[in-house]
Amino acid sequence: MVDPHGANAIVVAPGANAMISASDVQNAAPLLQDASIVMCQLEASMDASLAAFTLAGKNRPDGALKILNAAPIPTDPHDERLQELCHACDVLCVNEIEAAQLLGWESFRVLSGMGREAASALLGIFPRTSSVVLTLGERGVCLIERDILSGQVSETVTLAAVSCEAKDTVGAGDSFLGALAVALFRGETMRDAASFATQIAGLSVQFPGTQASYYAALDVFSARASTQGTQGRDSAPP
């Protein structure tokens, strides 16, 4: 559902997602074991996501980068499976409401400008996580990173959102996550990947629809890249 300002109100009807089991994931083991990036979210069962993370990159010397979009947060944010997923991921991506739920904060603390503190707090409670990406809608993205070997934590960075008139924000988070994964797969730094994802998400909200808006966003991005002298659509994700 979309309000007059283009903001969305999410109603989750799991449907087929709720039917995905750990055994279904096991059937895809060869794909997951060879994967360099595995992204999970919580619209499928947490058991299925845990199985995917367990298999992720097993056939690769360096394993796989595990990205968790912890959405939607279950009724009990202290669910052991959710905590296990958060502790298992390399990159945790949440919006401000989800961050507040994971931290046990009142949502207004994040909504009222404490995004940087929330990102830092999330990194603190999940010691295996190397990056927290906190999306803040029209206020951009907060990113904090940690070197797992040294334990050194970077300064929290805020990336500005694309200034635009939003027509439909449904699917903006998915476009962000897809673009983030593609950029990381291409070898970009987390900061550059998050910046690219922010651009794609910012373009997608300017068009109606969900999947249709992704193609429109890529067309605009490719046209701009071509104008700037890059390789056009070749510089955009496939």
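For clarity, every value in this text was computed on a predicted model and none was experimentally measured. (Residues numbered from 1 in each chain as written. Predicted model: local features only at pLDDT ≥ 70, side-chain atom pairs only at ≥ 80, totals over all residues. Heavy atoms only, no water.)

**Q** What exactly am I supposed to notice about the packing of aromatic side chains here?
**A** Two measures describe an aromatic ring pair: the distance that separates the ring centres and the angle between the ring planes. A complete count under the given rule lists zero aromatic pairs for this structure. Here the guanidinium or amino end of R186 rests over the ring plane of F196, the centre of that ring lying 5.1 Å away. (Phe/Tyr/Trp six-rings, centres within 6.5 Å; stacked < 30°, edge-to-face > 60°. Lys NZ or Arg CZ within 6 Å of the ring centre and 35° of its normal.)

**Q** Even after reading the chapter, I still don't get the nonpolar core, so can you show me in this structure?
**A** The tendency in soluble globular proteins is for nonpolar side chains to be buried side by side. The biggest cluster of nonpolar side chains holds 41 residues, and the ones touching the most others in it are L68, L92, L102 and L122. Ignoring sequence-local partners within four residues, the contact set of L122 consists of L92, V94, A99, L102, L103 and V132. Counting residues in hydrophobic clusters, the runner-up holds 22 residues, among them V141, L143, A183 and L184. (Core = buried A, V, L, I, M, F, W, Y, C linked by side-chain atoms within 4.5 Å. Buried < 20%, exposed > 50% of the residue type's maximum accessible area, 1.4 Å probe, protein only. Contact = heavy atoms within 4.5 Å.)

**Q** Got a minute to help me understand the pattern of salt bridges in this structure?
**A** Taken as a whole, this structure holds six salt bridges when the rule is applied. As a salt-bridge pair, D90 and R128 come within 2.8 Å of each other at their nearest N and O atoms. Of this pair, D90 sits in the loop between α4 (80–88) and β3 (91–95) while R128 sits in the loop between α7 (115–125) and β4 (131–135); the two residues are 38 residues apart in sequence, bridging distant segments of the chain. For D90, a relative accessible area of 13% translates into the label buried. Given a relative accessible area of 37%, R128 falls into the partly exposed group. Among the salt bridges present, the one from E188 reaches R186, with a minimum N-O distance of 2.7 Å. (Salt bridge = Lys/Arg side-chain N within 4 Å of Asp/Glu carboxyl O. Helix = DSSP H or I, 4+ residues; strand = E, 2+ residues; numbered from the N terminus.)

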